[in-house]
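Observations on the model geometry
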Amino acid sequence: MKNNNQHSLDFGDITSKLNKINVNNGLLITFEGGEGVGKSTQATILFHQLEKYGIDCIKTQEPGGSVLGNNIRKWVKSSSNISPLSETLLFEAARSQIITEIISPALNQNKVVIVDRFTDSTISYQGFGHGLDIEIINQLNKIATKNITPNLTILLDIEPEIALSRVSNQTNLFTGGDTNKRIDSENQRKFEQKPLEFHKKVREGYLSLSKNDTRWCLINAQQKSDVIAKLILDKTRELLMKNGVAKNRLED
Ligand code: TYD
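Definitions and limits used
Residues numbered from 1 in each chain as written. Predicted model: local features only at pLDDT ≥ 70, side-chain atom pairs only at ≥ 80, totals over all residues. Heavy atoms only, no water. 1 Å grid on protein atoms, 1.4 Å probe; cavity = no way out; pocket = protein on both sides within 12 Å on 5 of 7 lines; lining within 4 Å. Points joined across faces, edges and corners; volume = space filled by probe spheres on them. Nonpolar A, V, L, I, M, F, W, Y, C, P; charged D, E, K, R; others polar. Salt bridge = Lys/Arg side-chain N within 4 Å of Asp/Glu carboxyl O. Helix = DSSP H or I, 4+ residues; strand = E, 2+ residues; numbered from the N terminus. Buried < 20%, exposed > 50% of the residue type's maximum accessible area, 1.4 Å probe, protein only. Near = heavy atom within 4 Å. Polar contact = N/O pair within 3.5 Å; in protein donor to acceptor, adjacent residues only side chain to side chain. Areas by Shrake-Rupley, 256 points an atom, 1.4 Å probe, with all protein chains shown as cover. Core = buried A, V, L, I, M, F, W, Y, C linked by side-chain atoms within 4.5 Å. Contact = heavy atoms within 4.5 Å. Phe/Tyr/Trp six-rings, centres within 6.5 Å; stacked < 30°, edge-to-face > 60°. Axes fitted to C-alpha atoms, helices over the stretch in contact; angles between N-to-C directions. Parallel < 35°, antiparallel > 145°, perpendicular 65-115°, else oblique. Left-handed = near helix turned anticlockwise from the far one by under 90°.

1. With respect to empty space enclosed by the protein
Empty space among the atoms becomes visible once a probe the size of a water molecule is rolled across them. Under the counting rule described, the total for this entry stands at one cavity of 30 Å³ or more. As for the largest cavity, its lining consists of 15 residues, of which Gly34, Glu35, Ile158, His199 and Arg203 are closest to the centre. Taken together, the residues that form the lining of the largest cavity break down as nine nonpolar, three polar and three charged.

Now the structure itself:
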């Protein structure tokens, strides 16, 4: 257990901060998947559960998470005449900023960092979806993230036909109360409105990525929300225990 910010705390705050549980070297947990799979809801559920355990954690999202990132978010989600390469560079610029401002400092303070979308979104959307060279995206991802890679990636998977009908029926169902989502307006749904073929390629991208690496946890997102949340929590607890958190600190 450690606290790097003790000098800046007032006394009223000190007890709760000192009781927070940190993990060895910080942990990065990313949520990935196509449109309407429920990522934001599940990321929020996990964040609250970890807070309940007293784990020192933060939650953020891409694109977004910083002033620059939020501006880029509005821009890429609404501009229809932007080339796939320009789009990729904008996502990477937002990523570089969130890494520098938020993710890297939090990992250095041994926090758990939950991110709604990360590098695999660019590989799946701009690489598999738009056909941009995957090797170039891998290189850009490495530069933007300063080589930071996730410890665990939750992939919520549903056939795009089903997921997209969920999005169009209940646009706000999956926002998980995330304030960044509320800044999106009707004209910022460019990706949801792409043809089904595009979303199928994105899904294929995710599925093939998840086969290559043990950091992935593939979950059928057609299951009930509480079932999905339990699967994610079990996987996360496993990871936390491997990283120095005592099992008895992770009980309800
Ligand atoms: P968002 O509202 O966050 O979508 P979702 O709720 O599905 O996460 O919008 C982000 C959109 O940007 C989403 O359609 C996926 C797309 N995107 C990319 O195409 N490439 C990327 O690298 C990232 C981070 C997002």
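2. Side note on the pattern of salt bridges
The final tally for this structure, using the stated rule, is 10 salt bridges. A salt bridge links Arg95 to Glu62; the shortest N-O distance between them is 2.7 Å. One end of the pair, Arg95, is in helix α4 (residues 84-108); the other, Glu62, is in the loop between β2 (57-61) and α3 (67-78), with 33 residues separating them in the sequence. For the pair shown, Arg95 and Glu62 are each scored as buried. The residue Arg203 makes a salt bridge to Asp157 at a minimum N-O spacing of 2.7 Å. With Arg203 in helix α9 (residues 196-211) and Asp157 in strand β4 (residues 152-157), the pair connects residues that are 46 residues apart, well separated along the chain.

3. Let's talk about the environment of Glu51
By the secondary structure assignment, Glu51 is in helix α2 (residues 39-53). For Glu51, a relative accessible area of 36% gives the class partly exposed. Each C-alpha atom, one on Glu51 and one on Lys20, is 8.9 Å from the other, the two residues being 31 residues apart in sequence.

4. Here's the deal with the site of the ligand
Near the ligand you find 17 residues, and of these Glu35, Lys39, Lys77, Arg117 and Thr122 are the closest. Taking Arg117, its side chain carries an N or O atom lying 2.7 Å from an oxygen atom of the ligand. Residue Gln126 places a side-chain N or O atom 2.8 Å away from a nitrogen atom belonging to the ligand. Out of a free accessible area of 540 Å², the ligand has 95% covered by protein chains. Mapped onto the shell around the ligand, the elements with two or more residues apiece are α3, α4 and α5 (119-129). Residue contributions to the shell around the ligand peak at four residues, all from α5.

5. What about the nonpolar core?
Counting 30 residues, the largest nonpolar core has Leu50, Ile55, Val112, Ile154 and Leu240 as the members making the most contacts within it. Looking at this core, the elements that each hand over two or more residues are β1 (27-32), α2, β3 (112-116), β4, β5 (216-220) and α10 (225-242). Setting aside residues no more than four positions away along its own chain, Leu240 makes contact with Val23, Leu27, Leu50, Ile55, Val112, Val245 and Leu250. Residues Ile72, Leu132, Leu155 and Phe191 belong to the second largest nonpolar core, which totals 15 residues.

6. Some points on the packing of aromatic side chains
Within this structure, the stated rule accounts for three aromatic pairs. Both rings, one in Phe91 and one in Phe191, keep their centres 6.1 Å apart while their planes meet at 50°; by these two values the pair is tilted. Of this pair, Phe91 sits in helix α4 while Phe191 sits in the loop between α8 (179-182) and α9, and the two are 100 residues apart along the sequence. The pair Phe91 / Phe191 is uniform in exposure class, with both members buried.

7. Details of the layout of surface pockets
Counted as a void, the second largest pocket has a volume near 300 Å³. Put simply, the parts of the chain that give the lining of the second largest pocket at least two residues each are α5 and α6 (134-145). In terms of residue count, α6 provides more of the lining of the second largest pocket than any other element does, five residues in total.

8. Some points on the packing of α2 against α10
One can describe the packing of α2 onto α10 by two numbers: an axis separation of 10 Å at closest approach and a directional angle of 50°. In terms of orientation, α2 lies oblique with respect to α10. The element α2 and its partner α10 pack so that their crossing is right-handed. Mapping the contact onto sequence places Gln42, Ile45, Leu46, Gln49, Leu50 and Tyr53 in α2 and Ser225, Ile228, Ala229, Ile232, Leu233, Thr236, Arg237 and Leu240 in α10.

That's the geometry; what it means functionally is another story.
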